[in-house]
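Listed below, chain by chain, are the residues.
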Amino acid sequence: MHVQLPLRGRRCLVLDDEFLIVLDIQQILERAGAQHVACVASASEAIELLQREPNFDFAVLDVKLSGPDRNSLGVAALLAEKGIPFVFLTGMRVDDVHAKQFPQARVIEKPYDASALLCAVHHALTTT
């Protein structure tokens, strides 16, 4: 019997400045069948990557980032402009996230589990 992986052949951008979280997300997405998972640690890296490789199917964005970027909202705006669905990850309370600016984006609270992340990604891919 052949099992269909939910993300088979999909291309994903992951933006998070915590290395271990990035590795975890990458593994979850690859196990679910993602073909390519590009990981970056800053909003500026994500924007540069999106300009070079605009063919992503979805993105996973940490809301709060360290360094000069401070957050991923500029990346979220660019993704929305390009019609690429995304989900937010956050260690903050969900109501602290800029939900009014991006009502289409699901918000996953850290710590998260694989099923919650995959459910949010599936929702993002099927509602856009």
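The rules behind each value
- Residues take numbers from 1 onward in each chain, read along the sequence in its written order.
- Given that this is a predicted model, residues contribute local features only at a pLDDT of at least 70 and side-chain atom pairs are listed and counted only at 80 or more, while totals for whole chains, interfaces and linings are drawn from all residues.
- With hydrogens and water stripped out, all remaining heavy atoms of the structure feed into the side-chain values.
- Only protein chains enter the accessibility calculation, which uses a 1.4 Å probe; a residue whose area is less than 20% of its type maximum is buried, one above 50% is exposed, and one in between is partly exposed.
- Per the convention used, a helix needs a DSSP run of H or I reaching at least four residues, while a strand needs a run of E reaching at least two, with both numbered from the N terminus.
- When DSSP finds two or more bridges between a pair of strands, those strands are recorded as paired.
- Place the viewer so that the strands point away; then a crossover is right-handed whenever the path from the first strand over the helix to the second strand goes clockwise.
- Contacts are assigned to residue pairs with any non-hydrogen atoms lying within 4.5 Å of each other.

A. Broad picture of the pairing of strand β3 (residues 58-62). Here β3 lies mainly inside the structure; five of its five residues are buried. Burial of β3 is two-sided: the residues Phe58, Val60 and Asp62 facing one way and the residues Ala59 and Leu61 facing the other way are all buried. Across four bridges, strand β1 (residues 11-15) lies against β3 in parallel orientation. Bridged to Val14 within β3 is Val60. Pairing analysis gives four bridges linking β3 to strand β4 (residues 86-90), with the strands arranged parallel. Counterpart to Ala59 in the pairing with β4 is Phe86. With respect to chirality, the unit in which β3 leads through helix α3 (residues 73-82) into the neighbouring parallel β4 is right-handed.

B. Region of the structure containing α3. Burial in α3 covers these residues: Leu73, Val75, Ala76, Leu78 and Leu79. If you follow the buried residues of α3, they end up packed against β1, α2 (43-52), β3 and β4. Gly83 occupies a position one or two residues after α3 and carries a positive phi of about 75 degrees.

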